[in-house]
Amino acid sequence: MRIVQDDEYLDWARASESYFFRAMLGVDFASTRKVVLWGSERDIFEGSMGFKASMLNWLRQTTYLNSFRMSESTMGRYVELINRKRPVFIKAYAGSIYEVACYVLKHGLTVHKPRFVYSAAETLRPFMRECIESVFGCKVHDYYGSREVGAIAGECANGQLHVFGFNTLVEVVDMEGNPVAPGQEGRVLVTTLHNVSMPLIRYEIGDTAIAGEACSCGNPWPTLARVTGRVTDHFTCADGTLVHGEYFTHLFYFRDWVAEFQVLQTAFDCVEIFYVPRQDPDPKDLADIEEKVRLVMGQECAIEWRAVSVVPRTPQGKLLFTRSLVGAHHAPELGAAR
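None of the values given here were measured: they were computed from a predicted structure.

## A few points about the sheet that holds strand E15 (residues 270-277)
And then number 1: Across the sheet, which stays open at both edges, the 4 strands sit in the order E16-E15-E14-E17 with mixed pairing between neighbours. A strand with exactly one partner marks an edge of an open sheet, and here the two such strands are strand E16 (302-307) and strand E17 (322-324). Strand-to-strand twist in this sheet, taken as the mean axis angle between neighbours without regard to direction, amounts to 15°.
And then number 2: Note that strand E14 (residues 258-267) and E15 share 8 bridges and pair antiparallel. When the sheet's bridge partners are listed, Ala-267 is paired in E15 with Cys-270.

## A word on the confidence of the model for the chain
And then number 1: Within the chain, residue pLDDT values average 85, and 89% of them lie at 70 or more.
And then number 2: Below pLDDT 50 for its whole length, residues 40-48 participates in 19 contacts with residues either more than four positions away or in separate chains.

## Focus on the sheet that holds strand E1 (residues 34-38)
And then number 1: Across the sheet, 11 strands lie side by side as E2-E1-E3-E4-E5-E6-E7-E11-E10-E9-E8; this open sheet has mixed pairing. Every interior strand has two partners, whereas the edge strands, strand E2 (62-66) and strand E8 (168-173), have only one. Going across the sheet, the axis of each strand differs from the next one's by a mean of 35°, ignoring polarity.
And then number 2: Two elements, E1 and strand E3 (residues 89-93), share 4 bridges in a ladder whose sense is parallel.

## Section: the packing of aromatic side chains
And then number 1: Throughout the structure, instances matching the rule amount to 28 aromatic pairs.
And then number 2: Ring geometry for Trp-257 against Trp-305: centres 6.5 Å apart, planes inclined by 55°, an arrangement best described as tilted. Of the two residues, Trp-257 is situated in the loop between helix H6 (246-250) and E14 and Trp-305 in strand E16; the sequence distance between them amounts to 48 residues.
And then number 3: An aromatic cluster is present here, built from Trp-12, Tyr-19, Phe-20, Phe-21, Phe-29, Phe-89, Phe-116, Tyr-118, Tyr-143, Phe-164, Phe-166 and Trp-221 joined pairwise through their rings.
And then number 4: Here Lys-34 stacks its cationic end above the ring of Phe-29, 4.9 Å away from the centre of that ring.

## Observations regarding the packing of helix H4 (residues 94-107) against helix H5 (residues 126-136)
And then number 1: Here H4 crosses H5 at 55°, and the two axes come no closer than 9 Å. Looking at the two axes, H4 sits oblique to H5. Like other packed secondary-structure pairs, H4 and H5 cross with a definite hand, here left-handed. Counted together, Ala-94, Gly-95, Ile-97, Tyr-98, Val-100, Ala-101, Cys-102, Val-104 and Leu-105 of H4 and Phe-127, Met-128, Cys-131, Ile-132, Val-135 and Phe-136 of H5 form the full contact between these two elements.
And then number 2: Residues belonging to the contact of H4 with H5 are distributed by class as follows: 14 nonpolar, 1 polar and no charged.

## Focus: a nonpolar patch on the surface
And then number 1: Side chains of Met-55, Leu-56, Trp-58 and Leu-59 sit close together on the surface and give an oily, nonpolar patch of about 420 Å² of accessible area.
And then number 2: Structurally, Met-55 can be placed in helix H2 (residues 50-59).

## Considering the side chain of Glu-171
And then number 1: The residue Glu-171 is located in strand E8 in this model.
And then number 2: At 3.1 Å, the side chain of Glu-171 forms a polar contact with the side chain of Arg-202.
And then number 3: When residues no more than four places from it in sequence are discounted, the contact partners of Glu-171 are Arg-187, Val-188, Leu-189 and Arg-202.

## Topic: the pattern of salt bridges
And then number 1: Counted according to the given criterion, the structure contains 14 salt bridges.
And then number 2: As a salt-bridge pair, Asp-285 and Arg-255 come within 2.8 Å of each other at their nearest N and O atoms. Placement of Asp-285 in helix H7 (residues 283-297) and of Arg-255 in the loop between H6 and E14 is noted, with a sequence separation of 30 residues between them.
And then number 3: Ionic pairing is found between Glu-272 and Arg-306, a salt bridge with its closest N-O pair at 3.0 Å. In this pair, Glu-272 is assigned in strand E15 and Arg-306 in strand E16, connecting sequence segments 34 residues apart.
And then number 4: Residue class for Arg-306 comes out partly exposed when judged on its relative accessible area of 33%.
And then number 5: Salt bridges sharing partners connect three or more residues here, namely Arg-129, Glu-133, Lys-139 and Glu-155.

Quick notes on the rules
- Residues numbered from 1 in each chain as written.
- Predicted model: local features only at pLDDT ≥ 70, side-chain atom pairs only at ≥ 80, totals over all residues.
- Heavy atoms only, no water.
- Pairing = 2+ DSSP bridges.
- Helix = DSSP H or I, 4+ residues; strand = E, 2+ residues; numbered from the N terminus.
- Axes fitted to C-alpha atoms, helices over the stretch in contact; angles between N-to-C directions.
- pLDDT = per-residue confidence, 0-100.
- Contact = heavy atoms within 4.5 Å.
- Phe/Tyr/Trp six-rings, centres within 6.5 Å; stacked < 30°, edge-to-face > 60°.
- Lys NZ or Arg CZ within 6 Å of the ring centre and 35° of its normal.
- Parallel < 35°, antiparallel > 145°, perpendicular 65-115°, else oblique.
- Left-handed = near helix turned anticlockwise from the far one by under 90°.
- Nonpolar A, V, L, I, M, F, W, Y, C, P; charged D, E, K, R; others polar.
- Patch = residues over 30% accessible without salt bridge, like charges linked within 9 Å, V, L, I, M, F, W, Y side chains within 5 Å.
- Areas by Shrake-Rupley, 256 points an atom, 1.4 Å probe, with all protein chains shown as cover.
- Salt bridge = Lys/Arg side-chain N within 4 Å of Asp/Glu carboxyl O.
- Polar contact = N/O pair within 3.5 Å; in protein donor to acceptor, adjacent residues only side chain to side chain.
- Buried < 20%, exposed > 50% of the residue type's maximum accessible area, 1.4 Å probe, protein only.

Structure follows, in structure tokens:
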């Protein structure tokens, strides 16, 4: 689907990010020394070519690092650049900065500690946050937005995601389209407020989140307690039961033989597990994982293991730990807009 976005939309998107940095993080994005670890051709490759773009990056004190290919040698060079540039903050895909943090731990390196890490573009899992904050010695502030609707919310010092209500209207609803109570999980619907060329009204963005309460940080905007993932993170059993994808990520904690993985549901009773091995997998671990997958997906669930050199990324370079090809096509329709 093609999305049309006008100049007013783009201005408000930039203003929302600027508000997040100035009002909530206390820095000016444009003039602050930073490292940006990103993976979109539209944002990076075209924008960093030529003398003019290089001069703009220099004036904005921005060092771009490409997250499309994260080899061992590349990550070593990235750590050296971070140590040399000493950025005030790092902006990165959640998965990419997590991979760098794991690399630092694996090789016993020392890395520059920025004031904060600005995580975006991917779901920031709790285990990823813990690792990044431990390695970089600073807080991770998550930022929530999308290509279709722009800036949605930013994380304050209390860990709440404040919705930029001046840019978008956000609803968290149940399967029938009714608002959920604070603390409950639901689907995210977004209405754009500044795109006259193609307004999106109660647009189902494909994410799930937990509705938040008023925050004590002083910021007046409504909150999301947490963005929990994509709708396709939820695996669907034959009886309609939903299993959150995070259940499967927990099964790979402390498995030293796996470098990265993806659990893919291809049918109600079929799961494929792609993994990049560091060494031969422990048969006891494989049996344990299979037992726990079948515990929630049913004893008849077929599990196929696929050792690969790299887990396939999305076109934007993102690594999805879990993905279902079933739930997205069998989810009940949302209620009509009211």
